[in-house]
Amino acid sequence: MEDQKTNVCNRRANNKTIETMDIKKYIGEATEYDKKQEVERRKVKSWLKSVSAFANGTGGCLIFGVSDDDRIVGLADAKADAEFVSQKVKERIDPVPQTVLKIEREEGKDLLILQVLPGDDTPYYMGDGVLETFMRIGNESVVADATEHKRLVLRGRNASFDK
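Here is what the cut-offs are and how they apply
- Numbering of residues starts from 1 in each chain and follows the order in which that chain's sequence is written.
- Residues qualify for local features only when their pLDDT is at least 70, as the model is predicted, and side-chain atom pairs are given and counted only at 80 or more; totals for whole chains, interfaces and linings, by contrast, use all residues.
- Excluding hydrogens and water, the side-chain figures rest on all heavy atoms present in the structure.
- Here a strand is any run of E in DSSP of at least two residues, a helix any run of H or I of at least four, and the numbering for each starts at the N terminus.
- Between buried and exposed lies partly exposed: a residue is buried under 20% and exposed over 50% of the maximum accessible area for its type, with that area taken using a 1.4 Å probe on protein chains only.
- As used throughout, the charge tally considers Lys and Arg to be positive and Asp and Glu to be negative, leaving His and the chain termini uncounted.
- Whenever a carboxyl oxygen of Asp or Glu lies within 4 Å of a side-chain nitrogen of Lys or Arg, that contact is scored as a salt bridge.
- Paired strands are those between which DSSP finds at least two bridges.
- Angular values range over 0 to 180 degrees, each being the angle between N-to-C directions of two axes fitted as lines to C-alpha atoms, with helices fitted over their stretch in contact.
- The contact criterion used throughout is that any non-hydrogen atoms of two residues lie within 4.5 Å.
- Among buried residues, the Ala, Val, Leu, Ile, Met, Phe, Trp, Tyr and Cys ones that are joined through side-chain atoms within 4.5 Å form a nonpolar core.

## Observations concerning the side chain of lysine 36
Line of reasoning, step 1. For lysine 36, the position within the fold is in strand S1 (residues 33-36).
Line of reasoning, step 2. One buried charge, lysine 36, has no salt-bridge partner; the nearest side chain with opposite charge is aspartate 34, at 4.0 Å.

Next comes the structure, spelled out in structure tokens:
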């Protein structure tokens, strides 16, 4: 039987959501996951751009409560953080991407896991007034250039450059 402690960002395994995780496997940041020590309330762009990028790409996962040196630090109030994250995604990402938000306990500390599914309605814009489209390149979420933005628009319309 396959070990249930697989990918923290797994979308489905045998049509069931993975219930457990092995956070120690996730070193640094990568194309499909991003770690944050806390939920930045004053600088929401620091993590919302990853939500946009994940929805515009192959999906991904934000893990809140892990330091830059990969130590599990946990969140003081994961429930309040979950409500804040959910609200900001609804307010600042357009269209609103499909997400799975859950609180996990690891080493006695609460982590917040925001899984962002790959979107069908690209591009997913992030902003408050000025809208930007982000994409994931390696371990960074960057503003999509004009060509990539056009591809995202066409993908959202189920079209291509060839049509």
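Still more to cover.
## Looking at the sheet that holds strand S5 (residues 109-116)
Within a sheet, each strand pairs with its neighbour through backbone hydrogen bonds, oriented either parallel or antiparallel.
Line of reasoning, step 1. As summarised here, the arrangement of the four strands in space is S1-S2-S5-S4, forming an open sheet in which the pairing is mixed. Strands with a single pairing partner mark the edges of an open sheet, and in this sheet they are S1 and strand S4 (99-106). Mean inter-strand twist for the sheet, computed between neighbouring axes without regard to direction, equals 20 degrees.
Line of reasoning, step 2. Examined bridge by bridge, S1 and strand S2 (residues 60-64) share four bridges and lie parallel to one another. Across the sheet, residue lysine 35 finds its bridge partner in S2, namely isoleucine 63.
Line of reasoning, step 3. Helix H1 (residues 45-56) contacts S1, S2 and S5 of the sheet and is inclined by roughly 160 degrees relative to S2.
Line of reasoning, step 4. Contacts from helix H2 (residues 78-92) reach S2, S4 and S5 within the one sheet, and its direction differs from that of S5 by about 20 degrees.

## A closer look at the nonpolar core
Soluble globular proteins: nonpolar side chains tend toward being buried together.
Line of reasoning, step 1. Trp47, Leu48, Val51, Phe64, Val85, Val89 and Leu114 are the most contacted members of the largest nonpolar core, which has 23 residues in total.
Line of reasoning, step 2. Of all the secondary-structure elements, those providing two or more residues to this core are H1, S2, H2 and S5.
Line of reasoning, step 3. In terms of residues, this core owes the most to one element, H1, which gives six residues.
Line of reasoning, step 4. Contacts of phenylalanine 64, omitting those with residues within four sequence positions, involve Lys36, Glu38, Val39, Trp47, Leu75, Val85, Leu111, Leu112 and Leu114.
Line of reasoning, step 5. Counting residues in hydrophobic clusters, the runner-up holds seven residues, among them Ile63, Val66, Ile72 and Ile113.

## A word on the pattern of salt bridges
Line of reasoning, step 1. What the rule picks out here adds up to 10 salt bridges.
Line of reasoning, step 2. A salt bridge links lysine 45 to glutamate 132, with the nearest nitrogen and oxygen atoms 3.0 Å apart. Placement of lysine 45 in helix H1 and of glutamate 132 in strand S7 (residues 130-137) is noted, with a sequence separation of 87 residues between them.
Line of reasoning, step 3. A relative accessible area of 23% means that glutamate 132 is categorised as partly exposed.
Line of reasoning, step 4. Across the pair aspartate 128 and arginine 92 runs a salt bridge whose closest N-O atoms are separated by 3.6 Å. In this pair, aspartate 128 sits in strand S6 (residues 125-128) while arginine 92 sits in helix H2, placing the two residues 36 residues apart along the sequence.
Line of reasoning, step 5. For aspartate 128, a relative accessible area of 61% translates into the label exposed.

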